[in-house]
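One-letter residues, chain by chain:
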Amino acid sequence: MTIQEWLENAMQDADRRGLPALRPLLEAFARATSVLRRADWNAEATGRSDTIDAR
Amino acid sequence: MHAEPGTIAELARALEARELTAERVTERCLQAIAARNPALNAFITVMADEARAQARQADAEMAAGRRRGPLHGVPISLKDLIDVSGVPTTAASRVREGHRAPTDAPIVARLRAAGAVLIGKNNLHEFAFGTTNEDSAFGPAHHPLDPRRSPGGSSGGSAAAVAAGMAYASIGTDTGGSIRIPAAACGLVGLKPALGDIPTDGVVPLSTTLDHVGPICRSVEDAQIMYDALRGEPSTEAGRQDPPRTRPREARGIRLGLLREYFMAVLDPDVASGFESACGRLRDAGVELHEVAIAHAGEIAAIYVHIVLSEAAAYHARTLEHRAEAYTPNVRLRLETGRYILAEDYVRALRGCDVLRAEVDHALSGCDALILPALAVPATTLGAETVRVGGAEEPIRSIMLRLTQLFNLTAHPAITVPCGKTRDGFPIGAQIVGARGATTALLQLARALEPCLTPGPVGLRS
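Residues numbered from 1 in each chain as written. Chains lettered and ligands numbered in written order. Predicted model: local features only at pLDDT ≥ 70, side-chain atom pairs only at ≥ 80, totals over all residues. Heavy atoms only, no water.

This part takes up the interface of chain A and chain B. Listed by partner, the interface residues are 24 residues for chain A and 25 residues for chain B. Interface of chain A and chain B: buried area, both sides summed, is about 2300 Å²; carbon and sulfur atoms make up 66% of it. The interface formed by chain A and chain B holds 3 salt bridges in total. Arg37 of chain A serves as the salt-bridge partner of Asp345 of chain B, at 2.8 Å between the closest nitrogen and oxygen. Our count for the contact surface shared by chain A and chain B stands at 9 residue pairs in polar contact (both at pLDDT 80 or more). Sorting the residues of the side of chain A that touches chain B by element identifies helix 1 (3-16) and helix 2 (22-38) of chain A as the ones contributing at least two each. Counting residues per element, the side of chain A that touches chain B draws most heavily on helix 2 of chain A, which supplies 9 residues. Split by residue class, the side of chain A that touches chain B holds 17 nonpolar, 2 polar and 5 charged. (Contact = heavy atoms within 4.5 Å. Buried area = accessible area lost by both parts, 1.4 Å probe. Salt bridge = Lys/Arg side-chain N within 4 Å of Asp/Glu carboxyl O. Polar contact = N/O pair within 3.5 Å; in protein donor to acceptor, adjacent residues only side chain to side chain. Helix = DSSP H or I, 4+ residues; strand = E, 2+ residues; numbered from the N terminus. Nonpolar A, V, L, I, M, F, W, Y, C, P; charged D, E, K, R; others polar.)

Following this line, the structure appears as structure tokens:
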């Protein structure tokens, strides 16, 4: 699920539940998730980005 | 009004010398609570009758020659997340209405064994989920210097109580900075020990991966005394020679890694100036400072928020479904946000913790400890959502957590020590970080640095 898809789904659910005040929090959180997913230490199945040894 | 003497160590000497009684000291603290708590709202529950009875018992034991150690007869308060048998643990929330703790948390049992007088339960940010103590079912806690300002959080009531002379120390919790932030804001010492040093059983959790228990107090020596008691270890008697493991080091020759990049990029000018002055005093004392960096510092906040929100949401899921209206609105919304986090992103955040832990270990490899400011801004205004720093409006929650949350992620012990004041007279704190698992060594080093960092009177007492 892309971040954009996640955000749209979450906002729709927040609206359905009558919690529009969640929208700005979800938007801010999506920005944090974007930072997390862009980090260069994320491993992926292609084998690229396995460059940081944290052990 | 403040209880005298000023620190636990000083009080312990006075009690042992029979210059004071525990009953008198406790009564002074209760008088301070009666006088100042209406304005500061630092306490949710005051255990006056129990405290008086404990104080009388302490005096009787000491008179009979059965002294338990430096905490014997010393009034201590507890953040209202910590179970005390027969007393409500409110977590500053209506969600916990009707709760009464069936037993003492293990840390409370240890404090009782050490002879501490438990004087009451302190106000906090609801469920420890905030940095200002303003979202509480019992109303905000207020800064002792200015009631329009926050004492920091989430252990804000604890810090306000100690700064205002209502207790000699308080036990707080720290998930992203909730001991160190209010300690820095109120001019106190706040210790986040290494992860696992102090048991968290009987303490309402926020994020079990990140939660720590530790003291807020008036000196590093007091932090050592409290740390030993919380671990159930025999403590050094105040005034007697410290055993080698706790004996203060000489400041000269200590090597500190200064975290400047990222950590000092967004700082209130007075905080920056005060911290730099403190570093100058350290250098004058023969301490070596050299700059170190954390390569992935830019991801700290993102990693932190994915872990804390996920874990908090898991704990609160049932009550969010059935009693959402019982939360304060802001805390409820943030908990609800956590329920949307994907498992894959939580796992990414855990990987990020590993990366950061290795980077902090590496930064420490060439020095005895790390040093950085504890809090990027002085005590903030209650009700404000942003604070102006360096020409930009910064969200309060993120700026408050900016300098502390890393060491919850990595589990390194960290202590904040007062190091000056802003031009308006609000405290500034320096944070010292030790090697993983080495809280005692950190305390030993901090005691050596404290006279350089805190040249003036401790806390807010004048």
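All right, on to the environment of His306 of chain B then. Tracing the sequence through the fold places His306 of chain B in helix 9 (residues 300-322). Sequence separation between His306 of chain B and Arg348 of chain B is 42 residues; the distance between their C-alpha atoms is 8.8 Å. Non-local contacts of His306 of chain B, meaning those with residues more than four positions away in its chain, are made with Phe29, Ala32, Thr33 and Leu36 of chain A together with Ile341, Asp345, Tyr346 and Ala349 of chain B. A distance of 2.7 Å separates a polar side-chain atom of His306 of chain B from the backbone oxygen of Ala302 of chain B.

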